[in-house]
There are 2 protein chains.
Amino acid sequence: MPRKATSPPSGATTDAADQARPRGPESGSARQRVQMADIARMAGVSASTVSRALSGSPLIPEATRQRITELARSLNYQINVGAANLRKRDTRTVGVVLLGESLQAISDPFILSILGAVGDRLDELDMSLLLSRLKHGQPQQLAQRYDSGQVLGLIVIGQTGWHDELNRLAARGVPMAVWGACLSDALYPVVGGDNEQGGYLAASHLIRRGCQRIAFFGDREHPEVALRHQGYQRALAEAGLTADAALYLPYRFGDEGIRATVDAWLDGQPEFDAVFAASDVAAMATTAALGDRELRVPQQVKVVGYDDIALAGHLRPSLSSVRQPAREAGRALVDLLMEAADGSKHRTVMLPAVLVERESSR
Amino acid sequence: MPRKATSPPSGATTDAADQARPRGPESGSARQRVQMADIARMAGVSASTVSRALSGSPLIPEATRQRITELARSLNYQINVGAANLRKRDTRTVGVVLLGESLQAISDPFILSILGAVGDRLDELDMSLLLSRLKHGQPQQLAQRYDSGQVLGLIVIGQTGWHDELNRLAARGVPMAVWGACLSDALYPVVGGDNEQGGYLAASHLIRRGCQRIAFFGDREHPEVALRHQGYQRALAEAGLTADAALYLPYRFGDEGIRATVDAWLDGQPEFDAVFAASDVAAMATTAALGDRELRVPQQVKVVGYDDIALAGHLRPSLSSVRQPAREAGRALVDLLMEAADGSKHRTVMLPAVLVERESSR
DNA sequence: TTGAAAGCGCTAACAC
DNA sequence: GTGTTAGCGCTTTCAA
């Protein structure tokens, strides 16, 4: 009986090999996957040869390589990544961890655009992305994400409240890269925007537009926001203005109750002519709250947000914002992680902040 | 020299075990991870015992288990998931694949909220999430995501243009669950909103508000959108209205040029008094375009979107929208996947559509 | 150029 | 209860 090259795993060559491979205990049906030994048998070579052929080893002559590659493709064979990783003591999977107050922290569009950019870069490098979120209160979970050996390192998005744990990991030699503020005592590689400059740009722009009493919405406990606030203060100082404590409204990123926070603040009848919010989501909530009180944006109150999320241009009025380059951020995070994995000394990447002027501050 | 129990992996018991484990070829430094054999040696038991203890086998007496667990914790030991998976021929990782026109499809907030919900559910079940995106033109890549053996199955978000490939996978017995429309010939488990009902709710609401010429923005080539359009038509028919072809504007989800599309349509001076958009992002772009032409929402034109993204309530005017329950969707997707992996017959989950009335259609 | 054999870190029969 | 042994699917010496 003729043996077709593309017949399912079975065409054995020796009696010993002829016995059916034991089926797994799974209840499923077609769980049987073709594996390297099958290819080897069908190609009449050893598994080593198949392995070498598939990995493009120069030891294998082109003709053989072609034949084996073709056979593998026709069987839809894919190397078992787990087994290969185990043997090679290596993996091309990166752990991406979203840190936040709650699991819903994923809701900020900007965080997502960074995630997307990291994913794009990993795709380019033919690497995989293992995603997880962590909320406060379980610092050791971060290490576990690495210690279980599934990933070559961690890309961490968000650092507030995790700085110490991140330093601990870095000290242990865990390869990683963090999106956040460049804290002076960070032992880990950081990618972040130029927050001080961003704050400065936003505030000086508003001042140039004639604003004198610029409110700041954002939590200075948050390292990135603290820097934006410094830039804001620098711009005020340059203009001979001083920051009024009554114009500082702290709120946390991802806070669902942002609208209520803003409303409560407005109830206090503060005197102000502009708002600089530390995120676009907050700026949107603010604009909505102002509108409900018949305060016109930008005529009566000018608003500038932060991040320049994709939707910012689709708002009415469109939202002025300080752009953070998510695409570059993603690339830099991956690249710094790879450097860390190679054992290079850690470095920091600061990305430029650019003010995008739109209607809300016109 | 005294040997502390918490000293790093070394404290050997026999001469043979005393030789240092070979270091990997990695250039990094502290790559040496503690592993089961180390724990075993230090606890004076065999690796099997450690394995059993750590996995909570009833064979191991509580005291021993405690002792081993404690030792493992003190060394920050984590089981090597890859090795365990290989041996158990099992994995607790799920592949989540975002399908889209481009890799940037991740930009729609609603897709993200589903991703978040899937992540939450997987967390609850102590499973991991391997994320990847796929653009059109490489159908076989979807299968590869599974065949490489890293995941127990796939959760696929988006189905437009992939239906055949999805059916092919399902026929092969690949465990999966898909977010999309419940197509009649789908061989795979689907979770989706009640799109027909959603379209009906939106349109009949607008009609009740006095609208007569309701434009529909969305691509009927897209199965979910086609259903929403059917519901829209049903509502019109009930009211004795007919859909005017001039009031149909197709656009693709994730299209960055949505604003331009809407502007071009408006340039044609269409006669309309309402817009029902198949996504909130499109509804936002539409509202902005209308505003730029001095068309007041909702006074002159009422707008209803779809998805009820978190930002919808923060807009000015706040956006009426048909809510799709992302949280339930995520849970259902994971649960259907688990059923599929268990070999159950595939079923379909349709989630209710709820109209959230806000200012844009008041 | 190729194959045999060892072994990555773990789990599960099977024996004791 | 516990240890010994075999082996998950692959890669890589080493020898031919």
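Note: the structure precedes this text.
Values in this document were obtained by computation on a predicted structure and should not be read as measured data.

Participant: Summarise the packing of helix H7 (residues 140-147) of chain A against helix H8 (residues 163-172) of chain A; cite the residues concerned and give the values.
Facilitator: Residue and element names in this part refer to chain A. Two numbers describe how H7 lies on H8: the axes approach to 9 Å, and their chain directions differ by 35 degrees. Seen along the crossing, H7 lies across H8 with a hand that is right-handed. Where H7 approaches H8, its residues Gln 140, Leu 142, Ala 143, Tyr 146 and Asp 147 are matched on the opposing element by Glu 165, Leu 166, Leu 169 and Arg 172. Looking at side-chain class alone, the contact of H7 with H8 contains five nonpolar, one polar and three charged residues.

Participant: Tell me about the sheet that holds strand S2 (residues 128-135) of chain B, residues and numbers included.
Facilitator: Strand order in the open sheet formed by twelve strands is S11(A)-S5(A)-S4(A)-S3(A)-S1(A)-S2(A)-S2(B)-S1(B)-S3(B)-S4(B)-S5(B)-S11(B), with mixed pairing between adjacent strands. Every interior strand has two partners, whereas the edge strands, strand S11 (348-351) of chain A together with strand S11 (348-351) of chain B, have only one. Adjacent strand axes in the sheet meet at a mean angle of 20 degrees, parallel and antiparallel pairs treated alike. Direction of pairing for strand S5 (residues 190-193) of chain A relative to S11 of chain A: parallel, over a ladder of four bridges. For Gly 192 of chain A, the partnering residue across the bridge sits in S11 of chain A and is Met 350 of chain A. Its contacts with the sheet place helix H8 (residues 163-172) of chain B against strand S3 (154-157) and strand S4 (176-179) of chain B, and it is angled at close to 160 degrees to S4 of chain B.

Participant: Please set out the sheet that holds strand S12 (residues 354-356) of chain A residue by residue, giving values where relevant.
Facilitator: Residue and element names in this part refer to chain A. An order of S7-S6-S8-S9-S10-S12 is seen for the six strands of this open sheet, with the pairing classed as mixed. Either end of the sheet is taken by a strand with one partner, and the two such strands are strand S7 (248-249) and S12. Pairing of strand S6 (residues 214-217) with strand S8 (residues 274-277), which is carried by four bridges, proceeds in the parallel orientation. Residue pairing for S8: Phe 216 is matched across the bridge by Phe 276. The sheet strands contacting helix H12 (residues 280-292) are S6, S8, strand S9 (302-307) and strand S10 (320-323), and the helix crosses S9 at an angle near 155 degrees.

Participant: Give a detailed account of the interface of chain B and chain A, specifying residues and quantitative values.
Facilitator: One widely used convention gives an interface's size as the accessible area the parts lose upon coming together. Facing the 56 residues of chain B at the interface are 56 residues of chain A. Between chain B and chain A the total buried area reaches about 5,100 Å² when both faces are included, carbon and sulfur atoms providing 51% of it. Per-residue buried area on chain B facing chain A is highest for Arg 33, His 314 and Arg 316 of chain B; these three make up 14% of the total on that side. A salt bridge links Arg 133 of chain A to Asp 123 of chain B, with the nearest nitrogen and oxygen atoms 3.8 Å apart. Counting across the interface, chain B meets chain A through 15 residue pairs in polar contact (both at pLDDT 80 or more). Of all elements in the fold, only helix H5 (81-88), helix H6 (109-124), S2, helix H7 (140-147), helix H11 (258-267), helix H12 (280-292) and helix H13 (326-341) of chain B reach the threshold of two or more residues within the side of chain B that touches chain A. Looking at the side of chain B that touches chain A residue by residue, the classes come out as 24 nonpolar, 17 polar and 15 charged. Strand direction decides the pairing type here: strand S2 (residues 128-135) of chain A and S2 of chain B, joined by three bridges, are antiparallel. Considered in S2 of chain B, the bridge of Leu 130 of chain A is made with Leu 130 of chain B.

The rules behind each value
- Residues numbered from 1 in each chain as written.
- Chains lettered and ligands numbered in written order.
- Predicted model: local features only at pLDDT ≥ 70, side-chain atom pairs only at ≥ 80, totals over all residues.
- Heavy atoms only, no water.
- Axes fitted to C-alpha atoms, helices over the stretch in contact; angles between N-to-C directions.
- Helix = DSSP H or I, 4+ residues; strand = E, 2+ residues; numbered from the N terminus.
- Left-handed = near helix turned anticlockwise from the far one by under 90°.
- Contact = heavy atoms within 4.5 Å.
- Nonpolar A, V, L, I, M, F, W, Y, C, P; charged D, E, K, R; others polar.
- Pairing = 2+ DSSP bridges.
- Buried area = accessible area lost by both parts, 1.4 Å probe.
- Salt bridge = Lys/Arg side-chain N within 4 Å of Asp/Glu carboxyl O.
- Polar contact = N/O pair within 3.5 Å; in protein donor to acceptor, adjacent residues only side chain to side chain.

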